[in-house]
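These are the residues of each chain, in order.
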Amino acid sequence: NPSSLPCGNARIMELGCGTGACSLLAASLGAKRVIASDQNPLTLELVAAAAQPQGLDAVTTRVFDMCSSEPLPSDMDFLLAADVCYNDALGRALGRRVEEAMHLGIPSYVADSVNIARNAFIDELQLRSVPFIQKTETLSFVGHAVSLDMEVERASNVALFAVGLNSQVH
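Residues numbered from 1 in each chain as written. Predicted model: local features only at pLDDT ≥ 70, side-chain atom pairs only at ≥ 80, totals over all residues. Heavy atoms only, no water.

(A) Region of the structure containing the nonpolar core. Ranked by size, the top nonpolar core spans 27 residues in total, and within it Met13, Leu15, Leu72, Leu79, Leu94 and Phe121 carry the most contacts. With 20 residues, the next largest nonpolar core counts Cys7, Val34, Leu56 and Leu80 among its residues. (Core = buried A, V, L, I, M, F, W, Y, C linked by side-chain atoms within 4.5 Å. Buried < 20%, exposed > 50% of the residue type's maximum accessible area, 1.4 Å probe, protein only.)

(B) Seen up close, helix α3 (residues 88–103). The terminal C-alpha atoms of α3 lie 23 Å apart, and with 16 residues this matches the ideal 22 Å at 1.5 Å per residue to within 8%. The inward-facing, buried residues of α3 contact β1 (11–15), β4 (78–82), β5 (108–112), α4 (118–127) and β7 (150–163). Measuring from the side-chain oxygen of the N-cap residue of α3 to the backbone nitrogen of Ala89 gives 3.1 Å; that N-cap residue is Asn87. Backbone geometry just downstream of α3 places Gly105 in the positive-phi region, at approximately 80°. (Helix = DSSP H or I, 4+ residues; strand = E, 2+ residues; numbered from the N terminus. Expected span 1.5 Å × (residues − 1). Contact = heavy atoms within 4.5 Å. Polar contact = N/O pair within 3.5 Å; in protein donor to acceptor, adjacent residues only side chain to side chain.)

(C) Fine view of the pairing of β4. For β4, the tally of buried residues reaches four of five residues, placing the bulk of the element in the interior. One ladder, built from four bridges, connects β1 with β4; its direction is parallel. Along β4, the bridge assignment pairs Leu15 with Ala81. Note: β4 against β5, four bridges, orientation parallel. Across the sheet, residue Ala81 finds its bridge partner in β5, namely Val110. Each parallel crossover has a hand, and for β4 linked through α3 to β5 it is right-handed. (Pairing = 2+ DSSP bridges. Right-handed = clockwise from strand over helix to strand, strands pointing away.)

Just distances and angles here, no functional claims.
Now the structure itself:
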């Protein structure tokens, strides 16, 4: 449940923001500052364009490659990532970034519905002895397929991860 995230007055960074949905939601839930980051500047322009008419001034954008050696900002209250494990390199990089955040005292929340390189992410966390909570839920999505002019429903197994919450559950 996204509304259960502790967004009120929080400082948040989203890795691989893509459409910026998580960043925009966090800002709409009262986050003080949200850094929507991605390696693609065009994506970030679109996120900024979506935030502006909604009055979501808390959203800023930043070019950030999670596979790089550039450090995470240390002044965050938590780190977000959703559906960024599209290959093993990205899954491992996300694992390293979550560990980096943990060492900075920053909790991380990760969601993965694509399940392409989820195991690479989990393996990296385990390799680095990063304690995490994992919960998997089956969620159904209903939407309108414009090109087919019909409603479609899709069920997806979404894995949710939390790191840095003083849990030792694997």
